[in-house]
Amino acid sequence: MQRPLVIAHRGASGYLPEHTLAAKALAAGMGADYLEQDVVATRDGALIVFHDLTLEDTTDVRDRYPTRARSDGHWYAIDFTLEEIRRLSAGERRQAGTTRPRFTGRYPDGAGRFGIVTLDEELAFIRGLNRSSGRAIGIYPEIKDPGWHRLQGVEIGDRLLEVLTAHGYSTAACGAYLQCFDAEELQRLRGRTDLPLIQLLDSAGGIPSAHSLRQLASYAQGIGPSLKLVLGSRLVAEAHGEGLLVHPYTARRDDLPPGVHSFDQLLQQVLADAGSDGVFTDFPDLVVDFIRRRFPAGE
Ligand code: G3P
Ligand code: CA
């Protein structure tokens, strides 16, 4: 059995605020194989590494720009220039619209000073880290809501490909996977890039049928299903039958799926029993440790 990949979900986000360079460096040091980048656009067309379309749940935007929310009460990244976004302080995720932490016991909100970086900056950072460490840590960018960005006037998938190409990520085996929930966007990009494409699947969509998996395999190299779709199902085996890789999301020690009683049990089911090819995790050190124990070198 191949050793599964450890994909650091927003970095080592179980320990440091998500998508900060500190969280990415920690994940690399912990032995992650890939570092994830969620990508959204700013008003002036820059691409930033940031999970939400809106800024208020992981930054101090409410305090710094109190009058800049839209009428729906949200501060959208695309309404701010990169220079304005650079003035924000990024921190630990809060429950939507509140000051309460999303995960109690993680890094304290407000401790330390972290900023938001552009995709270009993060890719340069990873290149430097790979050089100084002698490793070849890969990247795993996600195009966030391309349909919404298109309505705002930004073809984010095309912009993303430009930045990736400028950094040397353009071929099937260059150490990058490109992921998106939007099947139409991935099909559109299939004709524009040789990068391996990963179709994300949320639990609301249910387990894909054999027909869907076959159709999906015509444009993607793999799927990134919610853990809920993998646990207790034959999805991994069926996807493998279509030649698709399977990288489920998101393994969290502090947010186990229903019916799972420990992080080790979760990894046993997803990686060892089901045979997933990798997993997105907020805790890369724990997954690296599990893989060392359960997938000895050479197997
Ligand atoms: O990209 C895999 C996983 O990260 C998808 O969910 O919301 O954390 O981006 P999300
Ligand atoms: Ca993601």
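The structure contained in this document is the topic of the report that follows. (Residues numbered from 1 in each chain as written. Chains lettered and ligands numbered in written order. Predicted model: local features only at pLDDT ≥ 70, side-chain atom pairs only at ≥ 80, totals over all residues. Heavy atoms only, no water.)

1. Some thoughts on the overall build of the protein chain
Right, on to step 1. Helix and strand counts for the protein chain come out as 12 helices and nine strands.
Right, on to step 2. In terms of overall dimensions, the protein chain is globule-like: its C-alpha atoms have a radius of gyration of 19 Å, near the 19 Å expected for 299 residues.
Right, on to step 3. When its C-alpha atoms are laid out on the principal axes, the protein chain stretches across 55 × 45 × 40 Å.
Right, on to step 4. Here the protein chain contributes 33 positive and 40 negative side-chain charges, whose respective centroids are spaced 2 Å apart. (Helix = DSSP H or I, 4+ residues; strand = E, 2+ residues; numbered from the N terminus. Rg over C-alpha atoms; globule rule 2.2 N^0.38 Å. Lys, Arg positive; Asp, Glu negative; His and termini not counted. Charge placed at Lys NZ, Arg CZ, Asp CG, Glu CD.)

2. Some words on the side chain of Arg93
Right, on to step 1. Mapped onto the fold, Arg93 is located in the loop between α3 (82–86) and α4 (119–133).
Right, on to step 2. In terms of polar contacts, Arg93 uses its side chain to reach the side chain of Glu18, at 2.8 Å. (Polar contact = N/O pair within 3.5 Å; in protein donor to acceptor, adjacent residues only side chain to side chain.)

3. Some points on the pairing of strand β2 (residues 34–41)
On a regular strand, one side chain projects to one face of the sheet and the next to the other, so that they alternate.
Right, on to step 1. Of all the eight residues making up β2, eight are buried; the element is thus mostly covered by neighbouring parts of the structure.
Right, on to step 2. Looking at chain direction, strand β1 (residues 5–8) and β2 are connected through two bridges and run parallel. Residue pairing in the sheet places Ala8 in a bridge with Leu35 of β2.
Right, on to step 3. The pairing of β2 with strand β3 (residues 47–49) spans three bridges and is classified as antiparallel. The partner of Ala41 across the bridge, within β3, is Leu47. (Buried < 20%, exposed > 50% of the residue type's maximum accessible area, 1.4 Å probe, protein only. Pairing = 2+ DSSP bridges.)

4. Notes on the pattern of salt bridges
Right, on to step 1. Counted under the stated rule, the structure contains 28 salt bridges.
Right, on to step 2. With a shortest N-O distance of 3.6 Å, Lys144 and Asp38 are connected by a salt bridge. A residue pair is termed long-range when its members are at least 10 positions apart, and Lys144 in the loop between β4 (138–143) and α5 (146–151) and Asp38 in strand β2 qualify at 106 residues.
Right, on to step 3. Where Glu155 meets Arg188, a salt bridge forms, and the shortest distance between an N and an O atom there is 3.3 Å. One end of the pair, Glu155, is in the loop between α5 and α6 (156–166); the other, Arg188, is in helix α7 (residues 183–190), and 33 residues separate them in sequence.
Right, on to step 4. For Glu155, a relative accessible area of 27% puts it in the partly exposed group.
Right, on to step 5. Residue Arg188 is classed as partly exposed on the basis of its relative accessible area of 25%.
Right, on to step 6. The network of salt bridges with common partners includes Arg10, Glu18, Asp38, Asp52, Arg93, Glu142 and Lys144. (Salt bridge = Lys/Arg side-chain N within 4 Å of Asp/Glu carboxyl O.)

5. Section: the site of ligand 1
Right, on to step 1. Neighbouring ligand 1 are His9, Arg10, Glu36, Asp38, His51, Glu142, Lys144, Gln179, Phe181, Leu200, Tyr249 and Phe280.
Right, on to step 2. Measuring from an oxygen atom of ligand 1, one finds a side-chain N or O atom of Arg10 at 2.7 Å.
Right, on to step 3. Between ligand 1 and Glu36, the relevant distance is 3.0 Å, taken from an oxygen atom to a side-chain nitrogen or oxygen of the residue.
Right, on to step 4. For ligand 1, whose free accessible area comes to 290 Å², the fraction covered by protein is 90%.
Right, on to step 5. Its residues placed into classes, the shell around ligand 1 shows four nonpolar, three polar and five charged. (Near = heavy atom within 4 Å. Areas by Shrake-Rupley, 256 points an atom, 1.4 Å probe, with all protein chains shown as cover. Nonpolar A, V, L, I, M, F, W, Y, C, P; charged D, E, K, R; others polar.)

6. Re the coordination of the calcium ion (ligand 2)
Right, on to step 1. Those protein atoms acting as donors to the calcium ion (ligand 2) are Glu36 (OE), Asp38 (OD) and Glu142 (OE), and they sit at 2.1 to 2.4 Å.
Right, on to step 2. Angles of 59 to 158 degrees at the metal separate the six donor atoms of the calcium ion (ligand 2), which places the site in the irregular class.
Right, on to step 3. Mapped onto the polypeptide sequence, the residues donating to the calcium ion (ligand 2) form the spacing pattern E-x1-D-x103-E. Taken together, the residues span a long stretch of sequence, with Asp38 in strand β2 and Glu142 in strand β4 at a distance of 104 residues. (Donors = N, O, S within 2.8 Å, 3.2 Å for Na, K, Ca; no water. Tetrahedral: all angles 85-135°; square planar, octahedral: opposite > 155°, others 65-115°.)

7. Structural notes on the nonpolar core
Right, on to step 1. Membership of the largest hydrophobic core comes to 65 residues, with the highest contact counts inside it found for Leu119, Ile223 and Leu271.
Right, on to step 2. In terms of residues, this core owes the most to one element, helix α11 (residues 263–273), which gives six residues.
Right, on to step 3. Those residues in contact with Ile223 that lie beyond four places of it in its chain are Ile198, Gln199, Leu201, Leu213, Leu216, Leu235, Ala239, Leu244, Leu245, Val246 and His247.
Right, on to step 4. Trp75, Ala77, Leu82 and Ile85 belong to the second-largest nonpolar core, a separate cluster that totals 18 residues. (Core = buried A, V, L, I, M, F, W, Y, C linked by side-chain atoms within 4.5 Å. Contact = heavy atoms within 4.5 Å.)

8. Things to note about α7
Because the α-helix completes a turn every 3.6 residues, residues three or four places apart line up on one side.
Right, on to step 1. What α7 keeps buried is the set Glu185, Leu186 and Leu189. Mapping the buried residues of α7 onto a view down its axis gives an arc of 100 degrees, with all of them on the same face.
Right, on to step 2. On its buried side, α7 packs onto β4, α5, α6, β5 (178–180) and β6 (197–201).
Right, on to step 3. You can read the cap of α7 off the contacts: a side-chain oxygen lies 3.0 Å from the backbone nitrogen of Glu184, and it is on Asp182. (Arc of directions from axis to C-beta.)

9. A few points about empty space enclosed by the protein
Right, on to step 1. In this structure the tally under the stated criterion is two cavities of 30 Å³ or more.
Right, on to step 2. Forming the boundary of the largest cavity are Glu18, His19, Val49, Phe50, His51, Thr58, Ala90, Gly91, Gly115 and Ile116.
Right, on to step 3. For the lining of the largest cavity, a count of residues per class yields four nonpolar, five polar and one charged.
Right, on to step 4. Considering only enclosed or pocket space, the second largest cavity measures out at about 50 Å³ in volume.
Right, on to step 5. As for the second largest cavity, its lining consists of His9, Arg10, Ser13, Glu18, Glu92, Arg93, Phe103, Arg106, Arg252 and Asp282. (1 Å grid on protein atoms, 1.4 Å probe; cavity = no way out; pocket = protein on both sides within 12 Å on 5 of 7 lines; lining within 4 Å. Points joined across faces, edges and corners; volume = space filled by probe spheres on them.)

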